[in-house]
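Coordinate inspection notes
Spelled out from the first residue to the last, the chains are:
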Amino acid sequence: MIDIVFGDSACGSLRLAQRYGKGEYIMDGPFAVFISHEDGSEPTQEEIEAAKREAVEKERLAWERAVPLGGNPEDIFGFDLVLSVGDISEIQPGINRVQILGNLYSIYPNSDWQQVVQEIVSKAKEDMKTVEERAASGESLRIWYSNKPDEMCGLYWFMDHLDQWKVHDGQVFVVKLPEWEANEEGEIIQKSCWGEVAPGEWYRYITLQKPVLPGFIQSCATCWKELQRENSLLRAVVNGQLVSVSEKFYDDFILREIAAEGNEFNEAKIIGQVLAKYRLGIADFWVALRIEEMIRAGMFEVVSDAAEDMPLYHRVLKKCI
């Protein structure tokens, strides 16, 4: 079985899930815990030690509850192409996708993002060729997707390729991430994408696997071709449907959070609130680039720049209008 995901985090987590829960739990390597106080005070050493013990116990329980998926890491392919953003007219990801990813990742502290994204796109093309060859030999494929725009775009894009490859009936399966679920304590949990699923949780979703009919593949392929024809700067999931939208589609959410702040505000805080509060399925770089556009439009000005080793948006801005 070939597994297809549309993000690096999901790919790494799913590979760990293949062996997660096998054997006796052994704490392997360092880990971090985060503690914060509303008044900004530093946590005590006792609080830190208590948090560490709680984290270790939580990890142990997750290990013991998990069911290893089995399989080989070589059977998992992750395509982290951020297809919800920018030009999608290319049949195979190429120079346009390299330029788009380079622009998106430029907010992070790395002077050589063009080389990094070139490798991402090159690997995606190589992996796609490998998947095509294995599918042609009759191997089954399982696609994991959600309502996150990048994963929904990934699904449509991949189905378009499957339609071209003429895969056989009963060869393709999909698993869609539930919009909400209850945990062992009865609490309602919402995850926006497969990248948020921990290695010890993947086994719970196998029962959601469904076979894909040829008509579904063709329908997705048709929709993707229409989105390619429209070729907007942004795609979003609206009422469960993947549609082309204006690049300003998410601006109201950003401006709503900024309006609640004082004349000067922390940009990183705004981005965190937008992502956590509205669960739009978008990444920090898109919100940051939209705020950058607002700065160029004269709506805000930079009061203090981010440190060299921090993302661009770790700075203070000031309202101009």
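One can find the structure itself at the top, above this paragraph.
These remarks concern the structure in this document. (Residues numbered from 1 in each chain as written. Predicted model: local features only at pLDDT ≥ 70, side-chain atom pairs only at ≥ 80, totals over all residues. Heavy atoms only, no water.)

Attention now moves to the sheet that holds strand β11 (residues 300-304). A sheet is described by the order of its strands in space; here three strands give the open sequence β10-β12-β11, paired in antiparallel fashion. For this open sheet the edge positions go to β10 (264-266) and β11, each flanked by a neighbour on one side alone. Across the sheet, the axes of successive neighbouring strands diverge by a mean angle of 35°, strand direction being ignored. Of the pairings in the sheet, the one linking β11 to strand β12 (residues 316-319) comprises four bridges and is antiparallel in character. Bridge pairing links S304 to V316 in β12. Its contacts with the sheet put helix α8 (residues 267-278) on β10 and β12, and the angle it makes with β10 is roughly 60°. (Pairing = 2+ DSSP bridges. Helix = DSSP H or I, 4+ residues; strand = E, 2+ residues; numbered from the N terminus. Axes fitted to C-alpha atoms, helices over the stretch in contact; angles between N-to-C directions. Contact = heavy atoms within 4.5 Å.)

So, on to the pattern of salt bridges. Two side chains bearing opposite charge may form a pair once their charged atoms approach each other closely. Overall, the coordinates contain 15 salt bridges when judged by the stated rule. A salt bridge links R142 to D3, with the nearest nitrogen and oxygen atoms 2.6 Å apart. Of this pair, R142 sits in strand β3 (residues 141-145) while D3 sits in strand β1 (residues 2-5); the two residues are 139 residues apart in sequence, bridging distant segments of the chain. Look at R142 and you get buried, because its relative accessible area is 12%. With a closest N to O distance of 2.8 Å, E293 and R296 form a salt bridge. (Salt bridge = Lys/Arg side-chain N within 4 Å of Asp/Glu carboxyl O. Buried < 20%, exposed > 50% of the residue type's maximum accessible area, 1.4 Å probe, protein only.)

With that out of the way, let us pick up unusual backbone geometry. Of note, V82 is a non-glycine position whose phi angle comes to about 50°, a positive value. With respect to the helices, strands and loops of the structure, V82 is situated in the loop between β2 (76-78) and α3 (95-105). Even without a glycine there, the phi angle at N239 is positive, about 55°. As for its position among the elements, N239 is in the loop between β8 (234-238) and β9 (241-245).

What follows deals with the packing of aromatic side chains. Counted according to the given criterion, the structure contains 15 aromatic pairs. Seen from their ring centres, F158 and W165 are 6.0 Å apart, and the 85° between their planes marks the pair as edge-to-face. Comparing F158 with W165, the two get one shared label, buried. Taking 4.9 Å as the distance between ring centres and 55° as the angle between the ring planes, the aromatic pair formed by F253 and Y278 counts as tilted. Here F253 is found in helix α7 (residues 251-259), whereas its partner Y278 is found in helix α8, with 25 residues between them in sequence. Within the aromatic cluster, the residues linked to one another by ring pairs are F79, W157, F158 and W165. (Phe/Tyr/Trp six-rings, centres within 6.5 Å; stacked < 30°, edge-to-face > 60°.)

Here we come to the nonpolar core. Counting residues in hydrophobic clusters, the biggest one holds 36 residues, and the most contacted among them are L104, I254, W286 and I291. Secondary-structure elements contributing two or more residues to this core are α3, α4 (113-136), β8, α7, α8 and α9 (284-296). Among the elements that take part in this core, α9 stands out by supplying eight residues, more than any other. In contact with W286, not counting residues within four places along its chain, are V85, L104, L233, L234, E247 and Y250. (Core = buried A, V, L, I, M, F, W, Y, C linked by side-chain atoms within 4.5 Å.)

The next thing to look at is the environment of G78. Inspection of the secondary structure puts G78 in strand β2. Spatially, the C-alpha atom of G78 lies 19 Å from that of L104, the residues being 26 residues apart in sequence. What G78 contacts, discounting residues up to four positions off in sequence, is V5 and C11.

The next subject is the environment of Q190. The residue Q190 is located in the loop between β6 (188-189) and β7 (210-211) in this model. When the C-alpha atoms of Q190 and V85 are compared, they prove to be 24 Å apart, with 105 residues separating the residues in sequence. Filtering out sequence-adjacent residues up to four positions away, Q190 remains in contact with E179, W180, E196 and R279.

These results come straight from atomic positions and should not be treated as a statement about function.
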